Amino acid sequence: MSKKERIFISGVHYETGRHVEIEISDGFIGEIRCSAKQINKENEAYIAPGLIDSQTNGYLGINFQDEIFSVERMRYAAKAIWKDGVTTFVPTLVTESRENLLRNFRILAMAFEDKQLVGSVPGFHLEGPYLSPVKGFYGCHNSKYLRNPSIDEFNELQNAAKGHIIIVTVAPELEGAIEFIKYCSENGVVVSIGHTNATTEQIYRAVDNGARMSTHLGNGCANMINRHRNPLWPQLANDSLTPSIIADGFHLLPEEIKTFYKAKGENNITLTSDVTHLAGMPPGKYLYMGSEVVMNDEGRIFNHSLNCLAGASSPLKKGIETMMRFAGCTLGQAANLAGKNVARLLGLSDRGIIEQGKRADIILFTIDQGKVIIKETWVAGRRVYPDRQ
C-alpha cells in the first residue's frame, strides 16, 4: 500500500452489531462511519481488532527454541499465525540452557527488526527457567535447566534480545525472586507469576514488588494440591493480578473458565494460546522440551512420562469460541479478552481497539456453528491474509 493510498473495509462491528466502514490510511485507522444498513448475518463478516497473543512458542512446525530457528523460519510461522487472526504475538522461550536462550534471543532480536513481519512482534516472553522445581508445578519444562532467578543472567538475556524481553514468568517463592521481580518491574518488564507453589504471603509480596500478571492460571500446577492453601486462590483473589488463561477445551474445565472469568471480571483477564510448534501439525508423537509428547486427533498434547499437558495446538481464536460457549460471553466480551485487555496489560496503546488514530490491525471473520472463520487479516494497514500476490 503506497503511503497516500486510502483503503476502505467494512463489516459488522464486533461489539455494537452495527455496520461500519473503516478508512485505512498510512497504516492507521482513519474515519469510521456507521450506517443503518440492513445486516445479512449469513453473508456479512464481523470486523474486530486483530488478536494479540502473549505466549507463542512456535507454529506450524517452527519451534522458536530450535537450533535451526531463523528469521526466515519466523516469517513462515508468522504467515500461519496471521491466517488464524493474530496480528500481534509475543514469541516465547522456555526453560533451557543459558547458551540456548542467548542464541535464540539474538535471532528473535533480528526478527523484531524484520520489516516483513510488519511490526507483529512487540517483544518477547521468557517463561522459565526461574520456575518451581517441585514436580507438577514445572509442568513439562526440562527440570535439569530450572534455576533460581538471576538479575545478572537476565541482563545477559535482555542484552541478547536488544532490550525486547517484555514479559518474564517467575515463581516468587524461589531464592532471590522478590528482588528479581522488583528489578524487572522497575525496568519496564511485565512480571508474571507462573509455574509456582508459592504461599499467599509470597504471592502478595510479589505483587507488592511489581508482579502484575499470572501466566496461564490454572495450569503449571500440580495435579494434587491442598484444597484451601494453594497458589490459585491468592492469584484469583488479588485484583492487581491479571491472569492469562488457555481456553482451548483441554487446559481448563468449563466450570473453571466460568469461575475465573466471574472472579476477575471481563476487564481483568486475558486469553492466550500457549501454542507450540505443533499448531497446525498432524497428530502423532513428537519430541518437545526434551521428552516425548503425543498429540491426538483433537489437538490435545500430552506428556505421558510427566503426566501433564505439554502446551497447546489450538489457535487463539479457539479461546473466543470457548468463552462464548462456557462463560456466556458476548462476542465483544470474548474478543476483547484476546485483544483489548492484552494490549492494555502489555502497554500496547496503539492497538487492540477500533478507534481513529490506532494502528490498523483488523480482522474480518464469520461465525459458523460456533467456530470463528477468519476471512481477512490486516496488520498496520497491510492485508497479510489472504496475502496479496
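Our subject in this report is the structure included herewith. (Residues numbered from 1 in each chain as written. Predicted model: local features only at pLDDT ≥ 70, side-chain atom pairs only at ≥ 80, totals over all residues. Heavy atoms only, no water.)

Tallying each qualifying case throughout the model produces 8 cavities of 30 Å³ or more. Across the lining of the largest cavity, the residue classes break down as 5 nonpolar, 8 polar and no charged. The calculated volume of the second largest cavity comes to roughly 50 Å³. Contributing to the lining of the second largest cavity are Ile246, Ala247, Asp248, Thr272, Ser273, Ala312, Ser314, Pro315, Leu316, Lys318 and Gly319. Residues belonging to the lining of the second largest cavity are distributed by class as follows: 5 nonpolar, 4 polar and 2 charged. (1 Å grid on protein atoms, 1.4 Å probe; cavity = no way out; pocket = protein on both sides within 12 Å on 5 of 7 lines; lining within 4 Å. Points joined across faces, edges and corners; volume = space filled by probe spheres on them. Nonpolar A, V, L, I, M, F, W, Y, C, P; charged D, E, K, R; others polar.)

What follows deals with the sheet that holds strand S21 (residues 382-385). Spatially, S3-S2-S1-S4-S19-S20-S21 is the arrangement adopted by the 7 strands of the open sheet, whose pairing is mixed. A strand with exactly one partner marks an edge of an open sheet, and here the two such strands are strand S3 (28-35) and S21. The average angle at which neighbouring strand axes cross in this sheet is 35 degrees, direction not considered. Pairing geometry for strand S4 (residues 46-49) and strand S19 (residues 362-368), over 4 bridges, is antiparallel. (Pairing = 2+ DSSP bridges. Helix = DSSP H or I, 4+ residues; strand = E, 2+ residues; numbered from the N terminus. Axes fitted to C-alpha atoms, helices over the stretch in contact; angles between N-to-C directions.)

A few words on the side chain of His251. Along the chain, the position of His251 falls in the loop between strand S13 (242-245) and helix H7 (254-264). Looking at His251, the relative accessible area reads 9%, which means it is buried. A polar contact is formed between the side chain of His251 and the side chain of Asp248, at a distance of 2.9 Å. (Buried < 20%, exposed > 50% of the residue type's maximum accessible area, 1.4 Å probe, protein only. Polar contact = N/O pair within 3.5 Å; in protein donor to acceptor, adjacent residues only side chain to side chain.)

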